[in-house]
Amino acid sequence: MKSNRRIILAGGRGFLGAVLARHFEMGGFEVFVLTRSPAVAKGAIQEVFWDGKTVGNWAGLLEGSLAVINLAGRSVDCRYTPRNRRLILDSRVDSTRVLGQAIERCAHPPRLWLNSSTATIYRHTF
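Just so we're clear, the structure is a prediction, and the values are computed from it rather than from any experiment.

The next thing to look at is the packing of aromatic side chains. Tallied over the entire structure, the rule returns two aromatic pairs. A ring pair is formed by Trp50 and Trp58, whose centres lie 5.3 Å apart and whose planes are at 85 degrees; its orientation type is edge-to-face. Per residue, the accessibility class of Trp50 equals that of Trp58, and both read buried. The ring of Phe29 carries Arg5 above its face, with NZ or CZ at 3.9 Å from the centroid.

In structure tokens, the structure reads:
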């Protein structure tokens, strides 16, 4: 079994994800951010590529981890055209589905899986 001090943040480069990553890093946790655009490591925070749709090399990080937190999803800061609404929904459904598939394959799955999505603060104009 791997480190039980490992936290996986899917889509962890947004506002909330960045705050959580720093919080966990300061608490001595090993933090891995799953992102479509990985950057150079920042301290104990490692960024790993994922597309949010398919199980890839990142899935091995889940084995024995303490927690997986899914914050992935297309920004809601856009016009709610039919295409954008579909992209917003698909990005949340796809990331949740693929994390579930990866966790299902683990001999020692993460102890905790949290899924979160955004709620808009913009006026509903339909």
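With that settled, the discussion passes to the nonpolar core. Ile8, Leu34, Trp50, Trp58, Leu62 and Leu99 are the most contacted members of the largest nonpolar core, which has 16 residues in total. Where this core is concerned, the elements lending two or more residues are β1 (6–10), β2 (30–35) and α2 (82–104). No other element matches α2, which puts four residues into this core. Beyond its immediate chain neighbours, meaning those up to four positions away, Leu34 contacts Ile8, Leu9, Ala10, Gly11, Gly12, Val48, Trp50, Trp58, Leu61 and Leu99. Counting residues in each nonpolar core, the second largest holds eleven residues, with Leu9, Phe24, Phe29 and Ile45 among its members.

Okay, α2 next. Given a rise of 1.5 Å per residue, 23 residues ought to cover 33 Å, and the 33 Å separating the end C-alpha atoms of α2 matches this to within 8%. Within α2, the full set of buried residues consists of Asn84, Ile88, Ser91, Arg92, Asp94, Ser95, Val98, Leu99, Ala102 and Ile103. Those residues of α2 that are buried lie in contact with β1, β2, β4 (67–70) and β5 (112–115).

Among the six residues in β2, five count as buried, and that is most of the element. Here five bridges tie β1 to β2, and the two strands are oriented parallel to one another. For Arg6, the partnering residue across the bridge sits in β2 and is Glu30. On the question of chirality, the crossover connecting β1 to the parallel β2 by way of helix α1 (residues 15–26) is right-handed. In this structure, β2 lies alongside strand β3 (residues 45–49), joined through five bridges in parallel fashion. Paired with Thr35 across the bridge in β3 is Phe49.

Attention now goes to the sheet that holds β4. Overall, parallel pairing links the five strands, which are arranged β3-β2-β1-β4-β5 in an open sheet. Every other strand in the sheet has two partners, leaving β3 and β5 as the edge strands with one partner each. The average undirected angle you get between the axes of adjacent strands in this sheet is 20 degrees. In the packing of α2 onto the sheet, contacts are made with β1, β2, β4 and β5, and the angle to β5 comes to roughly 170 degrees.

What counts, and where the lines are drawn
- Residues numbered from 1 in each chain as written.
- Predicted model: local features only at pLDDT ≥ 70, side-chain atom pairs only at ≥ 80, totals over all residues.
- Heavy atoms only, no water.
- Phe/Tyr/Trp six-rings, centres within 6.5 Å; stacked < 30°, edge-to-face > 60°.
- Buried < 20%, exposed > 50% of the residue type's maximum accessible area, 1.4 Å probe, protein only.
- Lys NZ or Arg CZ within 6 Å of the ring centre and 35° of its normal.
- Core = buried A, V, L, I, M, F, W, Y, C linked by side-chain atoms within 4.5 Å.
- Helix = DSSP H or I, 4+ residues; strand = E, 2+ residues; numbered from the N terminus.
- Contact = heavy atoms within 4.5 Å.
- Expected span 1.5 Å × (residues − 1).
- Pairing = 2+ DSSP bridges.
- Right-handed = clockwise from strand over helix to strand, strands pointing away.
- Axes fitted to C-alpha atoms, helices over the stretch in contact; angles between N-to-C directions.

Remember, this is a structural readout, not a statement about activity or role.
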